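Observations on the model geometry
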Amino acid sequence: MNSSRRHWLFGGVAVAAAAAGAAGAWWRHGGGAGAGGETLDEAFWRQAFDRPEGGQLAFSSLKGKPLLLNFWATWCPPCVEELPMLDRFFREHGDNGWQVAGLAIDQPSAVRKFLERTPVSFPNGLAGLQGTDLVKQLGNTNGGLPFTLVLDRAGVVVARKMGKIEPA
């Protein structure tokens, strides 16, 4: 191979690698699901979901403090893997004002059985199919799980993450 062709080949590979790295970073930091910046409206805060143990998870009770909202399902391996980490985060940062809430997009009986075997400290709601519509409204147009939304005290979306959250 002559040096000119080799130069173009290596240059093309470098450009492709840089583009892939930039795309990966953009996605990892929320760009793939929409980075945020918008304030959730009152209709969002009026929603309430049945809790697996009884009662209601009313979003209005979560308003005014930072919130990590996680959408999950028992049949979703990455969802199940990240729940203990989210529970640790809640236990470590709840006294500092952080709230964590989960919405299970699953059959109520499956969620109840799962949470009996693997309890978490933070409140969960039974979102069912309504949860699929909600994740799409919140910027996860594919409806994939797990999906996590982080809101500040004012209800502004500061981050979205499609896929499993990592400790970092």
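Before reading further, recall that the structure is shown in the block above.
Residues numbered from 1 in each chain as written. Predicted model: local features only at pLDDT ≥ 70, side-chain atom pairs only at ≥ 80, totals over all residues. Heavy atoms only, no water.

**Digging into the environment of Phe122**
Our working definition: Each helix is a run of H or I in the DSSP string that is no shorter than four residues. Each strand is a run of E no shorter than two, and both are numbered from the N terminus. In what follows, residue pairs with any heavy atoms lying within 4.5 Å of each other are defined as contacts.
When you line up the elements, Phe122 lands in the loop between helix H4 (108–117) and strand S5 (124–126). With residues near it in sequence (within four places) discarded, Phe122 still touches Leu83, Leu86, Asp87, Phe90, Val100, Ala101 and Gly102.

**Observations regarding the environment of Arg51**
Our working rule: Exposed residues in this analysis have more than 50% of their type's maximum accessible area, buried residues have under 20%, and partly exposed residues fall in between, with area computed by a 1.4 Å probe over protein chains only. Here a polar contact means two N or O atoms within 3.5 Å. Within protein one must be a hydrogen donor candidate and the other an acceptor candidate, and residues neighboring in sequence count only if both atoms are side-chain atoms.
Structurally, the position occupied by Arg51 is in the loop between strand S1 (48–50) and strand S2 (56–58). The exposure class of Arg51 is partly exposed, given its relative accessible area of 24%. In sequence terms Arg51 and Ala127 are 76 residues apart; their C-alpha atoms lie 9.2 Å from each other. Residues contacting Arg51, with those up to four places away along its chain left out, are Gln56, Leu57, Pro123, Asn124 and Leu126. There is a polar contact of 2.6 Å between the side chain of Arg51 and the side chain of Glu53.

**Remarks on the sheet that holds strand S4 (residues 99–104)**
Here is the rule: Pairing between strands is defined by DSSP: at least two bridges between the two strands are required. Axis angles are defined between N-to-C directions and span 0 to 180 degrees, where every axis is a line fitted to C-alpha atoms and, for a helix, only to the segment in contact.
One open sheet accounts for 5 strands, arranged S5-S4-S3-S6-S7; its pairing is mixed. Strands with a single pairing partner mark the edges of an open sheet, and in this sheet they are S5 and strand S7 (157–162). Neighbour-to-neighbour, the strand axes of this sheet turn through a mean angle of 15 degrees, independent of strand direction. For strand S3 (residues 67–72) and strand S6 (residues 147–151), the ladder comprises 5 bridges, and the chain directions are antiparallel. Residue Leu69 lies in a different strand from S6, and its bridge partner there is Leu149. Those strands touched by H4 are S3, S4 and S5, and its axis lies near 155 degrees from that of S5. Seen against the sheet, helix H5 (residues 128–137) touches S3, S4, S5 and S6 and runs at an angle of roughly 120 degrees to S3.

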